[in-house]
Amino acid sequence: MKEFNLNTLVRKNILSLQPYISFRDHNEFNAPVMLDANECPFGEFNRYPDSSQKKLKNKLKELKSLSPSKIALGNGSDELIDLIIKIFCEPKKDAILMMNPSFAMYAFYAAVNENEVLKLDLDENFEILKDDFIKITQERDIKVFFLCSPNNPTGNSVQDIEFFVKNFDGIVVIDEAYIEFSGNRSGIELLDKYSNLIVLQTFSKAWGTAGARVGAAYASEEIIRFINTVKAPYNVNSLSQELILNLLDNKDKLKENVEKVLEERVWLEKQFKTIECIEKVFPTDANFFLIKMKNVEKVYNRMLEEEILTSKRAPAIPDCIRINVGNREENEKLISVLKRIAS
Ligand SMILES: *Cc1c(COP(=O)(O)O)cnc(C)c1O
């Protein structure tokens, strides 16, 4: 990697922005009389949440072996994607790069900020072509590159991730929303080596708490400081902070979720082989399958008629539907409906 200077990548107005500091959260008190925030003095959730999520970050510190100063929390990792684009991309001027196909929210938040979205088309195995990557990064000035691994909606992991981190002048975001299902090593291990790296993880998938809206960014202290500067002060509410704190005390829950999902994934994959309307099941490292159907419109609509919601990816990915692993009852219903369509 060439010489890296974070300050040349961050938008100028954000470089000089002062974070909102909650006085209460940045000072130590034993039994304060809190008359500083116009809250109601009665009730259980009457107080504003901890804006710096100290307890939660201290727990994550143990789990990830990372200092809390290298952790930012968001209202889902979705919010963190939005904040990262806000920090680095000048509206109407800067561009992001993403894989194609990949997670739609990168392009969505770039569009909100009127940032151009450049796409790297994946090959027939949904791999990135390194030559295309080198070409586009030489031709264009790109601020942020979103790498999704395992990739949504294709399910496969990005090969040789370090190559892309090493050979990119801007910020590389590795979105690891599905990493727990994959057995891959986390990009967190590369943080000490690359100061242009941000790793995103979430409590929405393997942890099973999508409703709580909590995601995490792991990066250098400098990058985390900018995320904390631009975030809404109370972006993670007290109920969610408590819920995730309790969850982190019960790490077996994660293991249990992952084991069950992986078991069901194996079961489903076996069942899919017996289904006539399925043309191809792509290999997956995640909790979902991308499946090529023989008559995608018909199959998708027939499933809908039976109140089975799946994610139609055609025509962007021709003939394909993304189906996530459910519980055994759901999976059995899916298979029985697919079997009926086949006949
Ligand atoms: C589901 C998903 C997320 C998680 O979003 P949250 O806002 O944390 O719920 C992030 N990235 C990808 C690629 C996803 O598929």
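Residues numbered from 1 in each chain as written. Predicted model: local features only at pLDDT ≥ 70, side-chain atom pairs only at ≥ 80, totals over all residues. Heavy atoms only, no water.

### Brief notes about the domain arrangement of the protein chain
Interfaces are often sized by the amount of accessible area the parts lose when they come together.
For step 1, the next point in the chain: Its domain assignment divides the protein chain into domain 1 (6–249) and domain 2 (253–342).
For step 2, the next point in the chain: In this structure, domain 1 and domain 2 have C-alpha centres spaced 29 Å apart.
For step 3, the next point in the chain: With 19 residues of domain 1 in contact, the opposing surface of domain 2 contributes 18 residues.
For step 4, the next point in the chain: Of all residues in domain 1, F126, P153 and F181 give up the largest surface area on contact with domain 2, accounting jointly for 38% of the area buried on that side.
For step 5, the next point in the chain: On the surface where domain 1 and domain 2 come into contact, there are 0 salt bridges.
For step 6, the next point in the chain: Put simply, domain 1 and domain 2 have 4 residue pairs in polar contact (both at pLDDT 80 or more) between them. (Domains from an automatic or database assignment. Contact = heavy atoms within 4.5 Å. Buried area = accessible area lost by both parts, 1.4 Å probe. Salt bridge = Lys/Arg side-chain N within 4 Å of Asp/Glu carboxyl O. Polar contact = N/O pair within 3.5 Å; in protein donor to acceptor, adjacent residues only side chain to side chain.)

### So, the UniProt feature "coiled-coil region" (unreviewed entry) in the protein chain
For step 1, the next point in the chain: Summarizing the sequence annotation, UniProt attributes the feature "coiled-coil region" (unreviewed entry) to residues 244–271 in the numbering used throughout.
For step 2, the next point in the chain: Structurally, residues 244–271 comprises 89% helix and 0% strand, and the distance from its first C-alpha atom to its last is 35 Å. (UniProt positions renumbered as here; feature names shortened; annotations may be inferred. Helix = DSSP H or I, 4+ residues; strand = E, 2+ residues; numbered from the N terminus.)

### Here we look at the pattern of salt bridges
For step 1, the next point in the chain: What the rule picks out here adds up to 23 salt bridges.
For step 2, the next point in the chain: A salt bridge links K70 to D192; the nearest nitrogen and oxygen atoms lie 3.8 Å apart. Within this pair, whereas K70 is found in the loop between α3 (54–64) and β1 (71–74), its partner D192 is found in the loop between β5 (171–175) and β6 (197–202), the two being separated by 122 residues in sequence.
For step 3, the next point in the chain: We classify K70 as partly exposed; its relative accessible area is 24%.
For step 4, the next point in the chain: Between E256 and K253 there is a salt bridge, with its nearest N and O atoms 3.8 Å apart. With E256 and K253 both in helix α10 (residues 252–272), this residue pair falls 3 residues apart, about one helical turn.
For step 5, the next point in the chain: Looking at E256, the relative accessible area reads 36%, which means it is partly exposed. (Buried < 20%, exposed > 50% of the residue type's maximum accessible area, 1.4 Å probe, protein only.)

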